Amino acid sequence: MDKTVADLRKDYTLEGLSETEINPNPFIQFKKWFEQALAAQLPEPNAMTLATATPDGQPSARMVLLKDFDERGFVLFTNYNSHKGQELAANPQAALVFWWAELERQVRIVGTVEKISPEQSDSYFEMRPPNSRLGAWASNQSEVIVGREVLEQQLQEFQDKYKNQEVPRPPHWGGYRVIPREIEFWQGRSSRLHDRLLYTRGNNHNWKIERLSP
């Protein structure tokens, strides 16, 4: 290999991000960037890293999909009994990171986490393809299994159980909302002098915007 890992680098030159052009509302700014990611036809622009931690500070992170957002926060769905579900039950704090490489952009979100209502989870679950609904029943997410055949057998069992029936939402599956207290917008710039604008929510729910050194 001609290059080592240390040799890998890219100079970011597409555009900048200034205090005069950013929206004072971070959710409107996120919507603008997200729509631009959609328009650029990026692969899975709603993919994001979800970082959680145990009460004693052991961190973990994984990729998940954003499924909704508004001024209340950012919504994702998962198995409540999974590792991330157990960590969120014990320590309802999380961070999200979006990385849109083609646009040289990153968004980082930090906040508290709450479950959305059962009705909201039901509504989204009903939109999922039938096999995805069955998969939520078949997978005991994060548990050790002896082989893939365990999953395939459990899927077949639930296919038989719900044949010609509507598949209900499992009680252990549903949505979480990350309620942000910080949202940082990062735009890559040349010479590693990136633009970083941080929104911080105040006690009156107004947002303060500050520039961070890269």
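Residues numbered from 1 in each chain as written. Predicted model: local features only at pLDDT ≥ 70, side-chain atom pairs only at ≥ 80, totals over all residues. Heavy atoms only, no water.

Trainee: I would appreciate a short explanation of the overall build of the chain in the present structure.
Mentor: Scanning the chain from N- to C-terminus turns up five helices and nine strands. Order of helices (α) and strands (β) in the chain, N terminus to C terminus: α-β-β-β-β-α-β-β-α-α-α-β-β-β. Overall, the chain is about 60 × 55 × 40 Å in size when its C-alpha atoms are taken along their principal axes. Buried residues in the chain amount to 39% of all 214 residues. Of the contacts made within the chain by residues no fewer than 6 positions apart, 65% connect residues no fewer than 24 positions apart. Carbon and sulfur atoms make up 51% of the accessible area of the chain, which totals about 12,600 Å². Here the chain carries 26 positive and 29 negative side-chain charges, and the mean point of each set is 2 Å from the other. (Helix = DSSP H or I, 4+ residues; strand = E, 2+ residues; numbered from the N terminus. Buried < 20%, exposed > 50% of the residue type's maximum accessible area, 1.4 Å probe, protein only. Contact = heavy atoms within 4.5 Å. Areas by Shrake-Rupley, 256 points an atom, 1.4 Å probe, with all protein chains shown as cover. Lys, Arg positive; Asp, Glu negative; His and termini not counted. Charge placed at Lys NZ, Arg CZ, Asp CG, Glu CD.)

Trainee: I would appreciate a short explanation of the environment of Q41 in the present structure.
Mentor: Assignment of secondary structure puts Q41 in the loop between α1 (26-39) and β1 (47-53). Sequence separation between Q41 and Q187 is 146 residues, and the spatial gap between their C-alpha atoms is 19 Å.

Trainee: I tried to follow the environment of P24 on my own but got confused; where do I start?
Mentor: Along the chain, the position of P24 falls in the segment before α1. Each C-alpha atom of the pair P24 and P129 lies 38 Å from the other, and the pair is 105 residues apart in sequence. Those residues in contact with P24, other than ones at most four positions away along the chain, are Y199, W207 and I209.

Trainee: What's the story with the UniProt feature "domain: Pyridoxamine 5'-phosphate oxidase N-terminal" (unreviewed entry) in the chain in this structure? I'm lost.
Mentor: Taking the UniProt record as the reference, the feature "domain: Pyridoxamine 5'-phosphate oxidase N-terminal" (unreviewed entry) is found at residues 35-160. Between the first and last C-alpha atoms of residues 35-160 the distance is 41 Å; the span itself is 36% helix and 34% strand. (UniProt positions renumbered as here; feature names shortened; annotations may be inferred.)

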